[in-house]
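# Observations on chain architecture
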Amino acid sequence: MTRGLFISFEGIDGAGKSTHIDALAAALRARGRSVVLTREPGGTPLAEKLRALALNDPMDPLTEALLMFAARRDHLLQVIEPALARGDAVLCDRFTDATFAYQGAGRGFDLQVLAGLERWVQTVPAVDAPGIRQPDLTVWFDLAPAVAAQRLAGARVPDKFESQPQAFFARVAAGYGARAAADPGRFLRVDADQPREAVWRDVEAGLKQRGLLA
Ligand SMILES: Nc1ncnc2c1ncn2[C@@H]1O[C@H](COP(=O)(O)OP(=O)(O)O)[C@@H](O)[C@H]1O
Ligand SMILES: Cc1cn([C@H]2C[C@H](O)[C@@H](COP(=O)(O)OP(=O)(O)O)O2)c(=O)[nH]c1=O
């Protein structure tokens, strides 16, 4: 049976994740893989309710982090783990790196507490201790906040995070950089400040190089 494959997509709002997730899903399906496209926070009825709260209601950083991880636990158990057990490819628009980047670096919430929650939430029967479930690959769309803001201007109505000032996104971007530096083997950094076709070529090349795309 084909081994499951778990790929997350990360980057600040407007970096171009959504633009390329569908293309990767199509490329994998064209090669005969079953693909589950999903997102965080969200991906299950309960987690989508938590998403609506987390993205719209004001709350303190601990409450926000707990909602993100509560949504993640439900999503992991209901959707991601069963899909990986079937041998599917799971493409997830954001995962735990986003919590470290937004609630940790962006809001300034304690990274040690986040690391503890990560360990609790991502401990699953299919992964032998002391390991935890992590994406096999994280595609990180790296883009300067000023460029992302330009792309988003007029493109959609901003949610609670998207309406944050650029200084917030500069911290979030640095947070992603720190996560990537701590686990370089898992991260594929893509320069998102290029035309769409060039960004896609880099995504495709990175996957091919790792033997994840024929
Ligand atoms: N390489 C690119 N160059 C210019 N604009 C882009 C590029 N990639 C995406 N966009 C546009 O930027 C906006 C944000 O892209 P999107 O994929 O929704 O980002 P994200 O999902 O990371 O928030 C969209 O309007 C999209 O059409
Ligand atoms: C997964 C996750 C997302 N977020 C934020 C980042 C985004 O601003 C928002 C939703 O992400 P996203 O789905 O990328 O938004 P959109 O569909 O509008 O492109 O949630 C966190 O703050 N922490 C998290 O753990």
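Bear in mind that the values here come from a model prediction, so they are computed numbers and not experimental data.

## Description of the site of ligand 2
Around ligand 2 lies a shell of 16 residues, among which M68, A98, T99, Y102 and F161 are the nearest. When residues of the shell around ligand 2 are assigned to their parent elements, the largest contribution, four residues, is made by helix α4 (residues 96–106). Here the residues of the shell around ligand 2 are counted per class, giving six nonpolar, three polar and seven charged.

## Re the UniProt feature "binding site: ATP" (unreviewed entry) in the protein
As recorded in UniProt, the feature "binding site: ATP" (unreviewed entry) lies at G11, I12, D13, G14, A15, G16, K17 and S18. Within the secondary structure, G16 is located in the loop between β1 (5–10) and α1 (17–30). We classify G16 as buried; it has 21 C-beta atoms within 10 Å. Sequence-distant contacts of G16, defined by excluding residues within four places in its chain, comprise F141, L143, A192 and V199. With respect to the helices and strands, the residue S18 is situated in helix α1.

## Some details on the pairing of strand β4 (residues 137–142)
Relative to β4, β1 runs parallel, the two sharing four bridges. Looking across to β4, one finds that S8 is bridged to T138.

## Here we look at the site of ligand 1
Residues in contact with ligand 1 amount to 14 residues; listed here are only the nearest, G16, K17, S18, T19 and R151. With three residues, the top contributor of residues to the shell around ligand 1 is α1. Looking at the shell around ligand 1, its residues break down into five nonpolar, five polar and four charged.

Conventions adopted
- Residues numbered from 1 in each chain as written.
- Chains lettered and ligands numbered in written order.
- Predicted model: local features only at pLDDT ≥ 70, side-chain atom pairs only at ≥ 80, totals over all residues.
- Near = placed C-beta within 6 Å.
- Helix = DSSP H or I, 4+ residues; strand = E, 2+ residues; numbered from the N terminus.
- Nonpolar A, V, L, I, M, F, W, Y, C, P; charged D, E, K, R; others polar.
- UniProt positions renumbered as here; feature names shortened; annotations may be inferred.
- Buried ≥ 20, exposed ≤ 12 C-beta atoms within 10 Å, placed from the backbone.
- Contact = placed C-beta atoms within 7 Å.
- Pairing = 2+ DSSP bridges.

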